[in-house]
Amino acid sequence: MKTPGFEVFMTLNWEGIQPLYQQLEDIELTEESLDLWMEGWSDLRKLVDERYARLVLATHLDTTDEEKEKRFHDFLEHVYPSAQAADQCLKEKLLGSELTPKGMALVLKKMQAEADLFCEDNLPLMTEESKLGTQYSKILGAQTIQWQEEELTLVQVKSALLTTDRAVREELWELSSQRQLEDREAINELWKKFLAVRGKMASNADFPDYRAFRWQQQLRLDYSPKESRQFIDAVKEVVVPAATRVYDRYQSRLGIDQVRPWDLMNNQTTFSLPAIQAFKTEEEFTSRVGNILDCLDPVLGGYFKSMRENDLLDLMNRKGKGPGGFCTSFATLGVPFIFMNAVGQGSDLRVLFHESGHAFHVFERINLLYHHQWRSGMEFAEVASTAMELLAEPYLSEDKGGFLSAEDAARTRLLNLEEKLLFWPYMSVVVDFQHWVYENHSLASNPDACDNKWSELIDYYMPGINWEGYEDVKMTGWHRKLHIHQAPFYYIEYGLASLGAFQIWENAQKDRGKALQDYRQSLALGGTATLPELYNAAGANLSFDSDTLGSAVQLIEKTMAELETQLT
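## Let's talk about the packing of aromatic side chains
Overall, the coordinates contain 37 aromatic pairs when judged by the stated rule. Centre to centre, the rings of Y210 and Y438 are 4.8 Å apart; their planes meet at 50°, and the pair counts as tilted. One end of the pair, Y210, is in helix α11 (residues 210-217); the other, Y438, is in helix α17 (residues 406-439), and 228 residues separate them in sequence. The burial state of Y210 is the same as that of Y438; both residues are buried. Ring geometry for F433 versus W454: centroids 5.3 Å apart, planes at 85°, classification edge-to-face. Residue F433 is found in helix α17, and its partner W454 is found in helix α19 (residues 447-461); the two are separated by 21 residues along the sequence. Residue W454 is classed as buried on the basis of its relative accessible area of 2%. In this structure an aromatic cluster arises from ring pairing among W191, F423, Y426, F433, W436, W454, W478, Y490, Y491 and Y494. Against the face of F9 rests R51, its NZ or CZ located 5.8 Å from the ring centre. Over the face of the ring belonging to W215 we find R220, whose NZ or CZ atom lies 4.4 Å from the ring centre.

## Regarding the nonpolar core
Ranked by size, the top nonpolar core spans 159 residues in total, and within it F231, W424 and M427 carry the most contacts. When residues of this core are assigned to their parent elements, the largest contribution, 18 residues, is made by α17. Excluding anything up to four places from it in sequence, W424 contacts F231, V235, V239, G495, S498, L499, F502, L549, V553 and I556. Within the second largest apolar cluster, 32 residues are counted, among which are I17, L24, A83 and M104.

## Observations regarding a negative patch on the surface
Taken together, the side chains of E31, E32, D35, E39 and D43 make up a negatively charged region of the molecular surface. Here D43 shows up in helix α3 (residues 34-61).

## Comments concerning the side chain of R169
With respect to the element layout, R169 can be found in helix α9 (residues 166-181). The contact partners of R169, leaving out residues within four places of it in the chain, are L161, T163, T164, L254, W262, D263, F271 and L273.

## Observations concerning α19
Look at α19: 21 Å from first C-alpha to last across 15 residues, which is about the 21 Å you get at 1.5 Å a residue. Along α19, the positions that sit buried rather than exposed are P447, A449, C450, D451, K453, W454, S455, L457, I458 and Y461. Lining the buried residues of α19 we find α10 (184-204), α12 (225-254), α17, α18 (441-444), α20 (471-475) and α21 (482-486).

## So, the packing of helix α13 (residues 282-296) against helix α14 (residues 298-309)
The N-to-C vectors of α13 and α14 enclose an angle of 160°; their axes lie 6 Å apart at closest approach. Looking at the two axes, α13 sits roughly antiparallel to α14. The interaxial crossing formed by α13 with α14 has left-handed handedness. Contacts from E283, T286, S287, V289, G290, L293, D294 and L296 of α13 reach α14 at P298, L300, G301, G302, F304 and R308. For the contact of α13 with α14, a count of residues per class yields six nonpolar, five polar and three charged.

Thresholds applied
Residues numbered from 1 in each chain as written. Predicted model: local features only at pLDDT ≥ 70, side-chain atom pairs only at ≥ 80, totals over all residues. Heavy atoms only, no water. Phe/Tyr/Trp six-rings, centres within 6.5 Å; stacked < 30°, edge-to-face > 60°. Helix = DSSP H or I, 4+ residues; strand = E, 2+ residues; numbered from the N terminus. Buried < 20%, exposed > 50% of the residue type's maximum accessible area, 1.4 Å probe, protein only. Lys NZ or Arg CZ within 6 Å of the ring centre and 35° of its normal. Core = buried A, V, L, I, M, F, W, Y, C linked by side-chain atoms within 4.5 Å. Contact = heavy atoms within 4.5 Å. Patch = residues over 30% accessible without salt bridge, like charges linked within 9 Å, V, L, I, M, F, W, Y side chains within 5 Å. Areas by Shrake-Rupley, 256 points an atom, 1.4 Å probe, with all protein chains shown as cover. Salt bridge = Lys/Arg side-chain N within 4 Å of Asp/Glu carboxyl O. Lys, Arg positive; Asp, Glu negative; His and termini not counted. Charge placed at Lys NZ, Arg CZ, Asp CG, Glu CD. Expected span 1.5 Å × (residues − 1). Axes fitted to C-alpha atoms, helices over the stretch in contact; angles between N-to-C directions. Parallel < 35°, antiparallel > 145°, perpendicular 65-115°, else oblique. Left-handed = near helix turned anticlockwise from the far one by under 90°. Nonpolar A, V, L, I, M, F, W, Y, C, P; charged D, E, K, R; others polar.

These results come straight from atomic positions and should not be treated as a statement about function.
Following this line, the structure appears as structure tokens:
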């Protein structure tokens, strides 16, 4: 089957696309026709995938462009649901044939899970959910404050917060928090709509609750909600005490009597005072990161070079740009695109290394035969990104090929390890909160109940921070965690992946060449292996227990102590 070029496909309405699916539907599936049929289906999926990715990206690059938003919504309403329904018919056709294309055994198992989940009545609800997510991005993207006669985005405020003047930090934090609270009712109203849509989707598909629905939608075939809870229990046991020790040392570093939210980045992690200024321009940023990746691994450095040369990066923050950072991909070209909101700080290096890990995953899996084989579980996708942060950081200093002084490199590494350690308790808040939400759907539809639960979990997992006098800001923290709104239950992945990444990092300290070879080979497997198999290929184990987590915490604390010695 011959598919149109992507530029033509971008202009087609459903009436122009439907015949492409019909051609595949009309072909009789036999051993002889299977390979060509799969190639045609794969090519068609790539076209739909890239069209979706480019339209979503456009709305993030400029949240103020109403025409881009309209094009995305038109696609969501008039093309995407029909394409999903037609794709479902092809899945059922392949499953019904009882044929197994080469390398597709695990993929077929996932397809069966998707087929069991599919409900045509949910297609318009998924469109509605995507629109609610766009509204959420617009609310956050519009949040700015006035500071010293200048309008700052809240991302830019984070840069201004890196001052040794604690009174200034407090004032900036209060201004930002008050601006966020101005949208409290708007986000609460969106939340009620999110919960109503998600509850209806679960009901339509005959699931007992949205958590069960979402678990299968995420294709989590290798672990259960019970193991997810086991992991956050392990965090409470072995990480929370270590995190409290980090806050105590940080308190001493700053010479303060208690850690307040304005002493932390994102009310959670430590930062360096004075701020580490890493770069000024995007060109400087990308060239220096490119040099580090060349030193780490020439293959990975070559991938990053091709992204620079082909305009596959949009890294600097600006007004109207959507929040956060992510890596998407253009399936027909087989290339990634990195989006982020850099402001020149040392912490931006971590984000770019992280998203580059996702990008390297795209490059490595490209040799798999079919588009269907590309997607690994998010629990491993985040290993690719988090491991890259840890693998690249030893090369930050000038004497190792980087561009930071030895002191700034040590501080950057210390801060990243502290952030990784402090992340696990925060992750547990987010995960525990979402378990509670979807186990108590009716109660959680009341935003006030969500506020109370979030506040309770912050105290349980993050006792080292004093929120006195700012209870409203504390309890509405769930408003500002976009995964809760836009990607429900997509957060345990980061915690499990971080543990996998630290195992790879430990391997690299013993044999860097082999660790990187294992890393790249595991990425090349895409979605053709189970999560335990992918972790093993990378030299790690998929673990939920306190022993494995405790071992990683010991290594982190040992390395932090060594870095602190270098800085004293």
